[in-house]
Amino acid sequence: MEETSLLCLLLLTTSCKPTQGRYEAHLTLSPSSSQFFQWSSLSLSCEEDDSSAGWTLRRNTTRETRTQCDDWGTSAGSSCNISYIVPSDSGVYWCESREGATSQSINITVSGGAVILQSPVLPVMEGENITLICRTQTSSDLPADFYKHGSLIIDRPTGHVTILHVSKADEGVYRCNIRGHGESPPSWISVTGRPTTTAPPTTAATPTDSAPPLQVFTVVRYLVVFCPYVISTVLMVSLYRHRPTGDGLPVSMATLPPTWAQKVLAEDCDEIAEVSTKMNDDA
């Protein structure tokens, strides 16, 4: 009977969670666990980003809805302490401001049995590791079997199991059993996806980035203009240094066939003379 009521409570608290807007407060639970033995004590606190919002702790159970801390605990500012919890304290808890903004909610199960399953009380992000501990009131290292959705997933002689790199496939209802002691209540483990990040936009190169600098263009222009003169001068010096000596007849420059550089030099000189004559006529 107790097991059926706890399953109904899980469904109730999952479907009847308050509408959650932008979080301005974070609900923390100490000790941090989703299940407790009855007659234990616990403390809930609203960690506020805006203390002027007037955050209040509320809860839903199978017996009551949207009740405040003063109805079931001791209020201390934005915190609430419960000295002796009982199974009727099982439910969903959250922080709520005067304007109606809410924090994330957490599910708490209080068991009157001999075994509980300690599991994360807040949603676990994909890729993280989680540890489940099956324990009695006096020990946490007894051999235990772990179940998911009623099916055995693993047995551990140490009483705890670690699930590495959880994914959405690991989300579900878990419980454990210690032989000779009993079975824990069911506990819902929620897995959330990692936030996506967008790459910063790349900066496109401006057209001026690909244009050759003016200095390079100037250097190339001077090379094209003056190279023929340099080549012709080098050739003339070379011919002069290698002229025949001794009894041989002197070689007249007029008898040598004109080289390509000399032709270019002559043509350039003719062009310069024409430009000079034209400029004088225009003057």
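We now turn to the structure provided with this report. (Residues numbered from 1 in each chain as written. Predicted model: local features only at pLDDT ≥ 70, side-chain atom pairs only at ≥ 80, totals over all residues. Heavy atoms only, no water.)

1. A few points about the overall build of the protein
Quick note on the threshold: Where helices and strands are cited, they refer to DSSP runs of H or I of at least four residues and of E of at least two residues respectively, numbered from the N terminus. Think of it in three bands: residues with accessible area under 20% of the maximum for their type are buried, residues over 50% are exposed, and the middle band is partly exposed, with areas taken using a 1.4 Å probe on protein chains only. When checking whether two residues touch, look at their non-hydrogen atoms; a contact exists if any pair is within 4.5 Å. Accessible surface area values rest on a Shrake-Rupley calculation with a 1.4 Å probe, where residue burial reflects the displayed protein chains alone.
Looking only at helices and strands, the protein features three helices and 19 strands. Put simply, the protein has 283 residues, and 31% of those count as buried. Of all intrachain contacts in the protein linking residues separated by at least 6 positions in sequence, the fraction that spans at least 24 positions is 62%. When the accessible surface of the protein is split by element, carbon and sulfur atoms take 57% of a total near 17,700 Å².

2. Some points on unusual backbone geometry
The peptide bond linking Ser30 to Pro31 adopts the cis configuration, its omega dihedral lying at -5°. You can see Pro31 is positioned in the loop between strand S1 (25-30) and strand S2 (35-37). Phi is positive for His149, close to 55°, though the residue is something other than glycine. Within the secondary structure, His149 is located in the loop between strand S13 (144-148) and strand S14 (151-156). In this structure, His165 takes a positive phi of about 50° despite not being glycine. Looking at the secondary structure, you find His165 in the loop between strand S15 (160-163) and strand S16 (172-178).

3. Quick notes on the nonpolar core
The condition is simple: In these notes, a set of buried Ala, Val, Leu, Ile, Met, Phe, Trp, Tyr and Cys residues joined through side-chain atoms within 4.5 Å is what counts as a nonpolar core.
Of all hydrophobic cores here, the largest spans 20 residues; its most connected members are Leu29, Leu42, Leu44, Leu57, Tyr93, Ile106 and Ile108. Taken together, the elements giving at least two residues each to this core come down to S1, strand S3 (42-48), strand S7 (79-82), strand S8 (91-96) and strand S9 (106-111). Ignoring anything within four residues of it in the chain, the contact list for Leu29 reads Phe36, Leu42, Ser43, Leu44, Ile106, Ile108 and Val121.

4. Examining the sheet that holds S3
For clarity, the cut-off: Two strands make a pair as long as DSSP finds a minimum of two bridges between them. Fitting a line to C-alpha atoms yields each axis, with helices limited to the stretch in contact; the angle taken between N-to-C directions then spans 0 to 180 degrees.
The four strands lie next to each other as S1-S3-S7-S6, forming an open sheet whose pairing is antiparallel. What marks the edges here is a single partner per strand, and that holds for S1 and strand S6 (74-76). For this sheet, the mean inter-axis angle between neighbouring strands, taken without regard to orientation, is 20°. Here four bridges tie S3 to S7, and the two strands are oriented antiparallel to one another. Paired with Leu42 across the two strands is Ile82, which belongs to S7.

5. Some details on the sheet that holds S8
The strand order across the open sheet built from five strands is S2-S9-S8-S4-S5, with neighbouring strands paired in mixed fashion. Two strands bound the open sheet, and with one partner strand each, they are S2 and strand S5 (67-68). Where S2 lies against S9, three bridges are found, and the strand directions are parallel. Counted as the bridge partner of Gln35 is Thr109 from S9.

6. Re the environment of Gly73
Summarising the element assignment, Gly73 is placed in the loop between S5 and S6. For Gly73, a relative accessible area of 24% puts it in the partly exposed group. Taking the C-alpha atoms as reference, Gly73 lies 10.0 Å from Leu44; in sequence the two are 29 residues apart. When near neighbours in sequence (up to four residues on either side) are disregarded, Gly73 contacts Cys80 and Asn81.

7. Examining the state of the cysteines
The criterion, for reference: Note on terminology: disulfide denotes any pair of cysteine sulfur atoms within 2.5 Å.
Within this structure, the stated rule accounts for three disulfides. Each sulfur of the disulfide joining Cys46 and Cys95 lies 2.0 Å from the other. The disulfide joining Cys46 to Cys95 has a torsion of about -105° about its S-S bond and is therefore left-handed. Note that Cys46 is positioned in strand S3 and Cys95 in strand S8, a separation of 49 residues in sequence. Its relative accessible area of 3% is what places Cys46 among the buried residues. Here Cys134 pairs with Cys176 through a disulfide, and the sulfurs are 2.1 Å apart. Between Cys134 and Cys176 the sulfur-sulfur dihedral comes to about 85°; the bridge is accordingly right-handed.

So far we have only geometry, and geometry alone does not tell us how the molecule works.
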